[in-house]
Amino acid sequence: MPGNVVHVNNPICKSTPAQTMPPKKSLRGGPVKSKQSESPASSGKEQEDEDFTVDVGRKKRKAPQAEKSGKTTNTGAAAEKKVYCHWLMKSEPESRFEKGVDVKFGIEDLKALPNQTGCWDGVRNYQARNFMKDMKVGQRAFFYHSNCKEPGIAGLMKIVKEAYVDHTQFDKKDAHYDPSSKPENPKWSMVDVQFERMTKRFIPLAELKKYHLQHKVKGGALKDVALFTRARLSVQPLTREEFDFILSLEEQHPI
DNA sequence: GCCAACGTTGGC
DNA sequence: GCCAACGTTGGC
């Protein structure tokens with residue numbers, strides 16, 4: 001573990017939710033409490049999730065600047081919002097300095113945190129943030145290694161706390177400080193995630209791309225996967241089919 | 001290090 | 001609201 005937990009910082013996680021830490025490096029203390037137990041969603045049984053769409057009536061254009069998420073221009077008509085239950089979240093496993101701060105945070109870093117749990121902070125893109133706001137406790141996400149020697153999926157994690165204010169937006173020392181965001185009206189959110197397991201084998205981006213290209217032609221689960229159709233999004237939704245297909249690759253020989 | 005894709009900003 | 005300039009992401 002990082003000598004001092006201190007800066008595991010990335011577009012991601014640092015702190016451990018629960019955690020009481022020396023006041024000094026605060027940040028880390030994490031966001032307040034982490035009641036990991038009583039989580040709404042996971043009470044009772046694992047709700048078998050299936051993707052579906054919800055009628056959200058007409059969209060209210062709130063207004064923040066560029067806050068348009070999809071291309072759904074919505075002129076009054078009823079809008080539909082797809083509900084996802086599976087996710088892919090990107091983080092960089094290799095050191096890189098942003099504003100003097102190392103943003104490295106690979107799956108091993110998550111695993112090394114107390115309770116193998118951390119908060120996914122640093123997301124500064126509205127679409128990605130909105131997807132995090134849609135996440136529910138108990139849902140699974142792939143931990144994707146980006147901007148590194150071998151990009152691809154390294155493991156699985158679970159959402160253990162739903163979206164709440166990302167405190168790093170107010171921290172001048174943080175790599176993702178956002179001076180335009182005010183505490184009275186925070187712009188950015190984060191969720192807490194817990195390491196679940198490594199995938200049985202690393203699933204390289206290049207392999208996923210081969211399937212994507214193949215599926216675009218012949219049809220298949222990955223024909224529209226966000227990893228390629230919305231490549232720059234750091235938090236992406238996956239349909240159940242996409243998630244299951246990718247997970248099944250663990251058992252297959254690489255192509 | 002290059003650069004394509006695409007998100008954000010800000011003038012008009 | 002349009003759109004050019006600019007900035008960022010992230011594969012290669």
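- Named according to an unreviewed UniProt entry, chain A is Thymocyte nuclear protein 1 originating from Megalops atlanticus.

Points about the pattern of salt bridges
Thought 1: One pass over the full model with this rule turns up 12 salt bridges.
Thought 2: With a shortest N-O distance of 3.2 Å, D224 and K223 are connected by a salt bridge.
Thought 3: Residue classification places K223 among the partly exposed positions, given a relative accessible area of 37%.
Thought 4: Overlapping salt bridges bring together E92, R96 and E98 as one network.

Here we look at the environment of N115
Thought 1: Position of N115 relative to the elements: it lies in the loop between α1 (107-112) and β6 (117-119).
Thought 2: For N115 and Q194, which are 79 residues apart along the polypeptide, the C-alpha to C-alpha distance reads 7.6 Å.

Describing the pairing of strand β8 (residues 152-165)
Thought 1: A large share of β8 lies buried, amounting to 10 of its 14 residues.
Thought 2: Alignment of strand β7 (residues 140-145) against β8, held across six bridges, turns out to be antiparallel. Across the sheet, residue Y144 finds its bridge partner in β8, namely I153.
Thought 3: In this structure, the hairpin formed by β7 and β8 is closed by a connection of six residues, where N147 is found at a positive phi of approximately 50°.
Thought 4: In the sheet, β8 pairs with strand β9 (residues 189-204) via 10 bridges, with the strands oriented antiparallel. Each bridged residue has a counterpart across the sheet, and for G155 the counterpart in β9 is M198.

Definitions and cut-offs
- Residues numbered from 1 in each chain as written.
- Chains lettered and ligands numbered in written order.
- Predicted model: local features only at pLDDT ≥ 70, side-chain atom pairs only at ≥ 80, totals over all residues.
- Heavy atoms only, no water.
- Salt bridge = Lys/Arg side-chain N within 4 Å of Asp/Glu carboxyl O.
- Buried < 20%, exposed > 50% of the residue type's maximum accessible area, 1.4 Å probe, protein only.
- Helix = DSSP H or I, 4+ residues; strand = E, 2+ residues; numbered from the N terminus.
- Pairing = 2+ DSSP bridges.

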